[in-house]
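Here are the chains, one letter per residue:
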Amino acid sequence: MTFQPLPIVTDDTAPFWEGGAVDELRINRCRECRTWFHPPAPVCPACLSMNVGPEVASGRAKVAAHTINVQPWAPDMEVPYVLAYVELDDDPSVRLTTRLVDCAPDEVSAGMPVEVTFQAADDIWLPLFRPVKDH
């Protein structure tokens with residue numbers, strides 16, 4: 001897929017968007033109550049501590065929901081592709097909206113285990129997910 005609107009990177013979100021350069025999925029976590037949360041913010045949503053920052057998550061998740069897009073929204077957009085809502089194994093209440101890659105759209109199902117992979121785009125790294133490889 002070549003067309004992709006890119007996010008605006010802020011001081012709070014930079015670690016999330018730049019972690020893929022070193023193959024790290026960085027999710028904010030409170031250093032007081034240890035709550036994971038996304039999107040990144042300067043305050044913990046659970047205890048309101050400002051002692052928060054990015055930590056490296058496992059990069060493993062499960063598909064919570066998905067849809068298959070067949071509409072080419074731009075001339076260079078490749079379709080079909082799968083948009084998914086994944087819940088992180090580190091904390092299933094933390095969910096990311098992402099794209100699934102390396103699998104056919106009809107192979108995706110709720111509960112499917114996936115792992116992060118990254119796609120470079122300008123100065124950021126987009127966290128995409130693919131089916132967990134059998135080891």
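Because the structure is a prediction, the values reported are computed rather than measured.

What counts and what doesn't
- Residues numbered from 1 in each chain as written.
- Predicted model: local features only at pLDDT ≥ 70, side-chain atom pairs only at ≥ 80, totals over all residues.
- Heavy atoms only, no water.
- Helix = DSSP H or I, 4+ residues; strand = E, 2+ residues; numbered from the N terminus.
- Buried < 20%, exposed > 50% of the residue type's maximum accessible area, 1.4 Å probe, protein only.
- Contact = heavy atoms within 4.5 Å.
- Phe/Tyr/Trp six-rings, centres within 6.5 Å; stacked < 30°, edge-to-face > 60°.
- Salt bridge = Lys/Arg side-chain N within 4 Å of Asp/Glu carboxyl O.

Asks: For this particular structure, what's the right way to read the environment of Val52?
Replies: Position of Val52 relative to the elements: it lies in strand β3 (residues 52-57). Overall, the relative accessible area of 14% leaves Val52 in the buried class. Considering only alpha carbons, one finds Val52 and Thr35, 17 residues apart in sequence, at a separation of 9.3 Å. Among all residues touching Val52, those that are not within four sequence positions of it are Asn28, Arg29, Cys30, Arg31, Phe37, Ala41, Pro42, Val43 and Cys44.

Asks: I'm lost on the packing of aromatic side chains in this one. Help?
Replies: Note on aromatic pairs: each is described by the distance of the centres and the angle between the planes. Taken as a whole and assessed by the stated rule, the structure comprises 1 aromatic pair. Measuring from ring centre to ring centre gives 4.7 Å for Phe16 and Trp17, while their planes differ by 75°; the resulting arrangement is edge-to-face. Using a relative accessible area of 7% as the deciding quantity, one classes Phe16 as buried.

Asks: How should the pattern of salt bridges be read in this particular structure?
Replies: Pairing is possible between side chains of opposite charge, provided their charged atoms come close. For the structure shown, the criterion picks out 7 salt bridges. Notably, a salt bridge pairs Glu55 with Arg29, separated by 3.4 Å at the nearest N-O pair. Placement of the pair is Glu55 in strand β3 and Arg29 in strand β1 (residues 25-30), with a sequence separation of 26 residues. Given a relative accessible area of 21%, Glu55 falls into the partly exposed group. The exposure class of Arg29 is buried, given its relative accessible area of 18%. Here Glu55 makes a salt bridge to Arg34, at a shortest N to O gap of 2.9 Å. Highlighted residues: Glu55 in strand β3 and Arg34 in the loop between β1 and β2 (36-37), separated in sequence by 21 residues. Taken together, the shared-partner salt bridges in this structure form one network comprising Arg29, Arg34 and Glu55.

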